[in-house]
Amino acid sequence: MKTFKLVSLDIVEEKNDDITQRRIKLNDGLIINREDEKSRWVVEAYVDSSYREYFEPIMTNSDELLIQVKITKSSNQPATFLARIIDLNIIGDEMNVIFMGTMVDRRREQIEKILKALLDEGYQGEDLLEEFKRRGKEAGA
């Protein structure tokens, strides 16, 4: 297992066909790569207990969440996870929220979007390959 500092946590929410991100203000946190056979990660967010009303129904319903986290430093690219809340603990005026989930490969998703756009634009054969390489470099994929 490997443990890292959690520096930001966003919950990706869908409301009325609109995708938004809810920033969760962290007091502290960590993320653990369990390195198990299911490639699961544990995210522990230490937050103000005012978040209890938000997180308790999610845990009770066992809702799956899309979360984005930044690991180690805020300048890092966010990592995206499909996760469930597995525990909440009230600690004085604060609480910890523990998520368990698996990482979503956003790079692959980005590559697939580029490829689909090129096919929709009518690229084929060598032209497709060259334009894919060009756009991939631009996108950092």
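What counts, and at which threshold
- Residues numbered from 1 in each chain as written.
- Predicted model: local features only at pLDDT ≥ 70, side-chain atom pairs only at ≥ 80, totals over all residues.
- Heavy atoms only, no water.
- Phe/Tyr/Trp six-rings, centres within 6.5 Å; stacked < 30°, edge-to-face > 60°.
- Helix = DSSP H or I, 4+ residues; strand = E, 2+ residues; numbered from the N terminus.
- Buried < 20%, exposed > 50% of the residue type's maximum accessible area, 1.4 Å probe, protein only.
- Polar contact = N/O pair within 3.5 Å; in protein donor to acceptor, adjacent residues only side chain to side chain.
- Contact = heavy atoms within 4.5 Å.
- Pairing = 2+ DSSP bridges.
- Arc of directions from axis to C-beta.

## Observations regarding the packing of aromatic side chains
- The tally for this structure, following the rule as stated, stands at five aromatic pairs.
- Judged by centre distance (5.5 Å) and plane angle (65°), the ring pair of Trp-41 and Phe-81 falls under edge-to-face. With Trp-41 in strand β4 (residues 40-48) and Phe-81 in strand β6 (residues 79-91), the pair connects residues that are 40 residues apart, well separated along the chain. Side by side, Trp-41 and Phe-81 carry an identical accessibility label, which is buried.

## Section: the side chain of Glu-13
- If you trace the backbone, Glu-13 turns up in strand β1 (residues 2-15).
- A polar contact is formed between the side chain of Glu-13 and the side chain of Tyr-54, at a distance of 2.6 Å.
- For Glu-13, the contacting residues outside a window of four places in its chain are Asp-18, Ile-19, Thr-20, Arg-22 and Tyr-54.

## Side note on the pairing of β1
- Sheet topology note: the β1/strand β3 (residues 28-33) ladder contains four bridges and is antiparallel. Within β3, the residue paired with Phe-4 across the bridge is Ile-31.
- One ladder, built from six bridges, connects β1 with strand β5 (residues 64-71); its direction is antiparallel. Its bridge partner lying in β5, Asp-10 is registered against Gln-68.
- Direction of pairing for β1 relative to strand β2 (residues 18-24): antiparallel, over a ladder of seven bridges. From the neighbouring strand, Lys-15 faces β2, where its bridge partner is Asp-18.

## Looking at helix α1 (residues 52-60)
- Buried residues of α1: Tyr-54, Phe-55 and Ile-58, and no others. Across the axial projection of α1, the buried residues extend over an arc of 80°, all falling on one side. Away from the buried face of α1 by more than 90 degrees, exposed residues Glu-53 and Thr-60 are located.
- Here the buried face of α1 lies against β1, β2, β5, β6 and β7 (94-104).
- Positioned one or two residues after α1, Ser-62 has a phi angle of 55°, which is positive.

On their own, these measurements won't tell you what the molecule is for.
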